[in-house]
Amino acid sequence: MTHLGVVGGGTMGAGIAEVAARAGDEVLVLERDQDAADAARARIEKSLARGAKAGKITEEQATESLARLRTTTSIADFGDRELVIEALPEIESLKVDFFSELDQVTAADAILATNTSSIPIIRVAKNVADPSRVVGVHFFNPVPVMPLVEIIASLASSTEAIDTVTTYARDHLGKRTIQAGDRGGFVVNALLIPYLVSAIRMYESGYATKEDIDAGMINGCAHPMGPLTLSDTVGLDVVLDVAESLYQEFREPHLAPPPLLQRMVDAGYLGKKAGKGFYDYSK
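Residues numbered from 1 in each chain as written. Predicted model: local features only at pLDDT ≥ 70, side-chain atom pairs only at ≥ 80, totals over all residues. Heavy atoms only, no water.

**Q** Explanation requested: the side chain of Ser47 in the structure shown.
**A** By the element assignment, Ser47 lies in helix α2 (residues 34-53). Judged by relative accessible area, which is 14%, Ser47 ranks as buried. At 2.5 Å, the side chain of Ser47 and the side chain of Glu18 are in polar contact. Dropping the residues within four chain positions of it, Ser47 is found in contact with Glu18 and Pro144. (Helix = DSSP H or I, 4+ residues; strand = E, 2+ residues; numbered from the N terminus. Buried < 20%, exposed > 50% of the residue type's maximum accessible area, 1.4 Å probe, protein only. Polar contact = N/O pair within 3.5 Å; in protein donor to acceptor, adjacent residues only side chain to side chain. Contact = heavy atoms within 4.5 Å.)

**Q** Just to check I follow, could you spell out the packing of aromatic side chains for this structure?
**A** Ring pairs (aromatic) are described by centroid distance and by the angle formed between their planes. The final tally for this structure, using the stated rule, is one aromatic pair. Ring centres of Tyr203 and Phe278 lie 5.9 Å apart, and the angle between their planes is 75 degrees; this geometry places the pair in the edge-to-face category. With Tyr203 in helix α7 (residues 188-204) and Phe278 in the segment after α11 (259-266), this residue pair connects regions lying 75 residues apart in the sequence. Judged by relative accessible area, Phe278 falls into the buried class, the value being 4%. For Lys210, the ring lying beneath its charged end belongs to Tyr279, and the centroid distance is 5.0 Å. (Phe/Tyr/Trp six-rings, centres within 6.5 Å; stacked < 30°, edge-to-face > 60°. Lys NZ or Arg CZ within 6 Å of the ring centre and 35° of its normal.)

**Q** Even after reading the chapter, I still don't get helix α9 (residues 227-234), so can you show me in this structure?
**A** Each α-helix turn comprises 3.6 residues. Residues three or four places apart therefore point the same way. Buried within α9 are the following residues: Pro227, Leu228, Thr229, Ser231 and Asp232. Next to the buried residues of α9 lie α7, α8 (210-221) and α10 (236-250). One or two positions beyond α9, positive phi appears at Gly235, with a value near 110 degrees.

**Q** Looking at this structure, I do not really get the packing of α8 against α9. What am I missing?
**A** Each pair of packed helices gets described by two things: the angle between the helix axes and the distance between those axes. Relative orientation of the contacting elements α8 and α9 amounts to 100 degrees, with a least axis distance of 7 Å. The pairing of α8 with α9 is recorded here as roughly perpendicular in orientation. Only Pro227, Leu228 and Thr229 of α9 make contact with α8, whose side of the interface consists of Lys210, Ile213, Asp214 and Met217. Here the residues of the contact of α8 with α9 sort into four nonpolar, one polar and two charged. (Axes fitted to C-alpha atoms, helices over the stretch in contact; angles between N-to-C directions. Parallel < 35°, antiparallel > 145°, perpendicular 65-115°, else oblique. Nonpolar A, V, L, I, M, F, W, Y, C, P; charged D, E, K, R; others polar.)

**Q** Please explain the nonpolar core as it appears in this structure.
**A** The nonpolar side chains of soluble globular proteins are, as a tendency, buried together. Ranked by size, the top nonpolar core spans 35 residues in total, and within it Leu4, Val27, Leu83, Ile85, Val135, Val137 and Phe139 carry the most contacts. The leading source of residues in this core is helix α1 (residues 11-22), at seven residues. Apart from residues no more than four positions distant in its own chain, Leu4 is found in contact with Ala20, Asp25, Glu26, Val27, Leu28, Arg81, Leu83, Ile85 and Tyr168. (Core = buried A, V, L, I, M, F, W, Y, C linked by side-chain atoms within 4.5 Å.)

Written as structure tokens, this is what we have:
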């Protein structure tokens, strides 16, 4: 597969588009309007320039990769895409509705993939005429740096679609792939989010300071960063969305998002990308 469509040019979508373009694919990124499309292209161009400056790629490779990237505001342009990866916000209804539209414009043998981090794949595939062509491909942020991709098969996903996407991510993009069952959180977030939520709840209760919670996990468990710093890095809105999805799936009290997390998202304190979360990043 060399003709890739990416739905959404935000942080995750731009990262997926970049690694595919660097691997030699002709990449088409869909955005809601021209301003968003221009912002997506600028985001990818900046990341490629950063990679060239750091010596990860050459200037020539950066230029060639950008030349393989196009943007569009029309879903109809996805008619020739062999693989489409959706990277919309973690809102189930939004993804479900969009896959219904993709089903109408893509070729019958095109594979449709969702980059969801927690929503069961079968819920996204349920309105597609042939749900066997819908799979989960969960990349991790930042996509050009993080090696892992989770491949998720729903009850309806075909073996051929799963094998094709696994080969594409592993052999073409150079990622480390793991396979997960179709349940909320898959492998990584099913383990990670309860840990982050527990740390937020501990801080909220006054049991320990944020600095001590983070220092405890760095110096006591050899983690590269503490859970509150990691929450800021992931994005508190993302942590909240995944925690809510896990709670809806399993209905276990320890998965319920703490009120503090909801209030911080309400206030726009989303972590590093917003300049403020549990810590201040404005400087």
